[in-house]
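One letter stands for each residue in the lines below.
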Amino acid sequence: MSDEEQPPLPSREKGGVRGGELAGLTAVVLGVRLVAFFFTQNVYGDAISRVELGEQWAAHPHWISAFGDGAWQFGPLHLYLVGLASMLSSNREHAGRVVSLIAGVATTVPLWLLCRRLYDARAARVSCLILAFWGMHIQFSTTAASEALSLLLFTACLAWFASERWLLSALALTLACATRYDVWMLIPVFGVALLARRRFVSAALFGAVALSFPLVWMFGNYRLHGDPQYPAHFINAFHRTWFADNEAFWGVARHRALNLFFWPLVAFFTLSPPVAIAGVARAKHPWLIAVAAVPMVVFTVRSTVVGDFEPLARFTVVSMLAVIVWAGPVLRERAVAVLAAMTLALGVYTFEREGKWHDSLKPISPVTTQPEAVMQVARQARACAGVALISTDPGYRDLAAAFYSGVAVKLERNGETQGDCVLHF
């Protein structure tokens, strides 16, 4: 069946039935994340830095025009929303996490619509249940990182693209680009898909709308920094150093072999073998295959051949989303039980535990918690009668300790040692 020959929606399923099932699935997604919410802390995805930048913006609201205008290496849209949340709540730890919770749960709606358009209601139901118990997405939905918002917008982009609502799809895509940079590379994929259908005018309009944020953002960075790609160059420089450090630790052959199989390993460990195998085996729709393949190919080549990028599980989410869509029509509801069991086991295994394997699996766990050393320094800073000075830590634990102390502290800079309490890791 070609992309142009979409199956008609079953006429016997009336709006009330569809709406009721979607509401039930959304409740399942919400329920799972609410349970995890109370066991999770901000750890990965630069969540703490994002909260602090959002708070800084909230103190002086303005249009963020570039890297050095308050966004640093992050997309500004997420910072706006976190900042707005901080205006509504004085709880620093939870305000940004609630933004992600809303975005993560809301993703159920466009995923449901996408799967119904491409397949049918049963496939949509299974795919939404997979989303509900996808451990990595549970983490995204309960921390102040940007992936939940980005994936919501990108799933909406896919749903509207499948429904041939090109301008809405492009609008969702440019908003996703304002959230995270990794989706920028997918704009040409949609343009080529429209050109392949001989939708020349639609392709031009799609490109104009989808590129609106990237072009404005590049212009702002050119004006402020003299380099339209300044954030990308900053991020790439960080990854080159990180890649070199990890290669020195693992050895060239082992490190690059791990990177070569990184995408399949993430699929197996975060979506479970049944979902991963079923999804990849039944990959359909050329445009969706391209959406899943382009990030995988680009990042794998960079992390194996070029040697300038260190892969992270959170960079695989677009590809994993496509696998979830493809797995829906293949699997039965009971197959989701395997994923749910794996997610629960992973959460239990990593919760408030430290060590080689615990630390390695935490980035894909449904729950994340700070190391005990961080929380101990945070408690000491909170108990300090005066100004606590926290020593600089190369692993950024100083930022986390200051954040969770809940009080004003100083971070050691340029060898400074003045403070009523001097705290070290």
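To start, this report covers the structure provided alongside it.

What counts and how
Residues numbered from 1 in each chain as written. Predicted model: local features only at pLDDT ≥ 70, side-chain atom pairs only at ≥ 80, totals over all residues. Heavy atoms only, no water. Helix = DSSP H or I, 4+ residues; strand = E, 2+ residues; numbered from the N terminus. Rg over C-alpha atoms; globule rule 2.2 N^0.38 Å. Contact = heavy atoms within 4.5 Å. Areas by Shrake-Rupley, 256 points an atom, 1.4 Å probe, with all protein chains shown as cover. Lys, Arg positive; Asp, Glu negative; His and termini not counted. Charge placed at Lys NZ, Arg CZ, Asp CG, Glu CD. Core = buried A, V, L, I, M, F, W, Y, C linked by side-chain atoms within 4.5 Å. Buried < 20%, exposed > 50% of the residue type's maximum accessible area, 1.4 Å probe, protein only. Patch = residues over 30% accessible without salt bridge, like charges linked within 9 Å, V, L, I, M, F, W, Y side chains within 5 Å. Salt bridge = Lys/Arg side-chain N within 4 Å of Asp/Glu carboxyl O. Axes fitted to C-alpha atoms, helices over the stretch in contact; angles between N-to-C directions. Left-handed = near helix turned anticlockwise from the far one by under 90°. Nonpolar A, V, L, I, M, F, W, Y, C, P; charged D, E, K, R; others polar. Expected span 1.5 Å × (residues − 1). Polar contact = N/O pair within 3.5 Å; in protein donor to acceptor, adjacent residues only side chain to side chain. Disulfide = S-S within 2.5 Å. Phe/Tyr/Trp six-rings, centres within 6.5 Å; stacked < 30°, edge-to-face > 60°. Pairing = 2+ DSSP bridges.

### Quick notes on the overall build of the chain
Phase 1 of the analysis: A count of helices and strands for the chain gives 22 helices and 3 strands.
Phase 2 of the analysis: By the compact-globule yardstick of 22 Å for 425 residues, the chain fits well, its C-alpha radius of gyration being 22 Å.
Phase 3 of the analysis: Principal-axis analysis of the C-alpha atoms gives the chain an extent of 70 × 50 × 50 Å.
Phase 4 of the analysis: For the chain, long-range pairs separated by at least 24 residues make up 76% of all intrachain contacts whose partners lie at least 6 apart in sequence.
Phase 5 of the analysis: Counting every atom, the chain has about 18900 Å² of accessible surface; 66% of that belongs to carbon and sulfur.
Phase 6 of the analysis: Computed over 34 positive and 29 negative side-chain charges, the inter-centroid distance for the chain is 9 Å.

### Overview of the nonpolar core
Side chains of a nonpolar character, in soluble globular proteins, are inclined to be buried together.
Phase 1 of the analysis: Core analysis: the largest hydrophobic core is formed by 92 residues, its most contacted members being I130, F154, F190 and W287.
Phase 2 of the analysis: The greatest single-element share of this core, amounting to 12 residues, is contributed by helix α8 (residues 147-162).
Phase 3 of the analysis: With sequence-adjacent residues up to four places away left out, I130 is seen in contact with L271, V275, I324, A327, L331, V336 and L339.

### What about a nonpolar patch on the surface?
Phase 1 of the analysis: Together, F249, W250, L258, L260, F261, L265, F268, F269 and I277 make up an exposed nonpolar region whose accessible area comes to about 920 Å².
Phase 2 of the analysis: Contributions of two or more residues to the nonpolar patch are made by α13 (230-250), α14 (252-260) and α15 (262-271).
Phase 3 of the analysis: Residue contributions to the nonpolar patch peak at 3 residues, all from α15.
Phase 4 of the analysis: Within the secondary structure layout, F268 lies in helix α15.

### Concerning the packing of helix α5 (residues 108-118) against helix α6 (residues 121-132)
Phase 1 of the analysis: Between α5 and α6, whose axes approach to 8 Å, the crossing angle comes to 145°. The two elements α5 and α6 cross, and the hand of that crossing is right-handed. Contacts between α5 and α6 involve T108, L111, W112, C115 and R116 on the former and, on the latter, A121, A123, A124, R125, S127, C128 and L131.
Phase 2 of the analysis: A per-class count over the contact of α5 with α6 returns 8 nonpolar, 2 polar and 2 charged.

### A few points about unusual backbone geometry
Phase 1 of the analysis: With phi around 70°, H285 is a residue other than glycine that occupies positive phi space.
Phase 2 of the analysis: Judged by its relative accessible area of 5%, H285 is buried.
Phase 3 of the analysis: Phi is positive for E352, close to 50°, though the residue is something other than glycine.
Phase 4 of the analysis: A residue is classified by how much of its surface remains accessible, and E352, at 59% relative accessible area, is exposed.

### Focus on helix α4 (residues 92-106)
Phase 1 of the analysis: Along its 15 residues, α4 runs 23 Å from first to last C-alpha, staying within 8% of the 21 Å computed at 1.5 Å per residue.
Phase 2 of the analysis: All buried positions along α4 are accounted for by A95, G96, R97, V99, S100, L101, A103, G104 and V105.
Phase 3 of the analysis: A side-chain oxygen of the first residue of α4 lies 3.2 Å from the backbone nitrogen of E93; this N-cap is N91.

### Looking at the state of the cysteines
Here is the idea: a disulfide is a covalent bond, and it sits between the sulfur atoms of two cysteines.
Phase 1 of the analysis: Scanning the model with the defined rule gives 1 disulfide in all.
Phase 2 of the analysis: Here C384 engages in a disulfide with C421; their sulfurs sit 2.1 Å apart. Residues C384 and C421 are joined through a disulfide that is right-handed, its torsion about the S-S bond being 95°. One end of the pair, C384, is in the loop between α21 (372-383) and β1 (388-390); the other, C421, is in strand β3 (residues 421-423), and 37 residues separate them in sequence.
Phase 3 of the analysis: What makes C384 buried here is its relative accessible area of 12%.
Phase 4 of the analysis: For C421, a relative accessible area of 21% corresponds to the partly exposed category.

### Focus: the packing of aromatic side chains
Phase 1 of the analysis: As enumerated under the stated definition, the model contains 24 aromatic pairs in all.
Phase 2 of the analysis: Aromatic side chains W63 and Y80 sit 6.5 Å apart centroid to centroid with 35° between the ring planes, which places their arrangement in the tilted category. Remark: Y80 occurs in helix α3 (residues 76-88) and W63 occurs in the loop between α2 (47-59) and α3; sequence separation between them is 17 residues.
Phase 3 of the analysis: Residue class for Y80 comes out buried when judged on its relative accessible area of 15%.
Phase 4 of the analysis: Measuring from ring centre to ring centre gives 5.0 Å for F67 and F234, while their planes differ by 55°; the resulting arrangement is tilted. Highlighted residues: F67 in the loop between α2 and α3 and F234 in helix α13, separated in sequence by 167 residues.

### Considerations on the environment of L194
Phase 1 of the analysis: If you trace the backbone, L194 turns up in helix α10 (residues 187-196).
Phase 2 of the analysis: The sequence separation of L194 and E164 amounts to 30 residues, and the corresponding C-alpha distance is 9.8 Å.
Phase 3 of the analysis: Those residues in contact with L194 that lie beyond four places of it in its chain are F161, W166, R199, S202, A203 and F206.

### Describing the side chain of T108
Phase 1 of the analysis: Take T108: it is sitting in helix α5.
Phase 2 of the analysis: A polar contact is formed between the side chain of T108 and the backbone oxygen of V105, at a distance of 2.8 Å.
Phase 3 of the analysis: In this structure T108 touches L22, L25, T26, V29, C128 and L131, once residues within four positions along its chain are discounted.

### Quick notes on the sheet that holds β3
Phase 1 of the analysis: Spatial strand order, β2-β1-β3: 3 strands in an open sheet with parallel pairing. Lying at the two open borders of the sheet, with one neighbouring strand each, are β2 (409-411) and β3. The mean angle between the axes of side-by-side strands here comes to 25°, regardless of whether they run parallel or antiparallel.
Phase 2 of the analysis: Across 3 bridges, the pairing between β1 and β3 is parallel. When the bridges of β3 are listed, L389 appears paired with V422.
Phase 3 of the analysis: Along the sheet, α21 makes contact with β1, β2 and β3, crossing β3 at roughly 175°.
Phase 4 of the analysis: Where helix α22 (residues 397-405) meets the sheet, its contacts fall on β1 and β2, and the angle it forms with β2 comes to roughly 175°.

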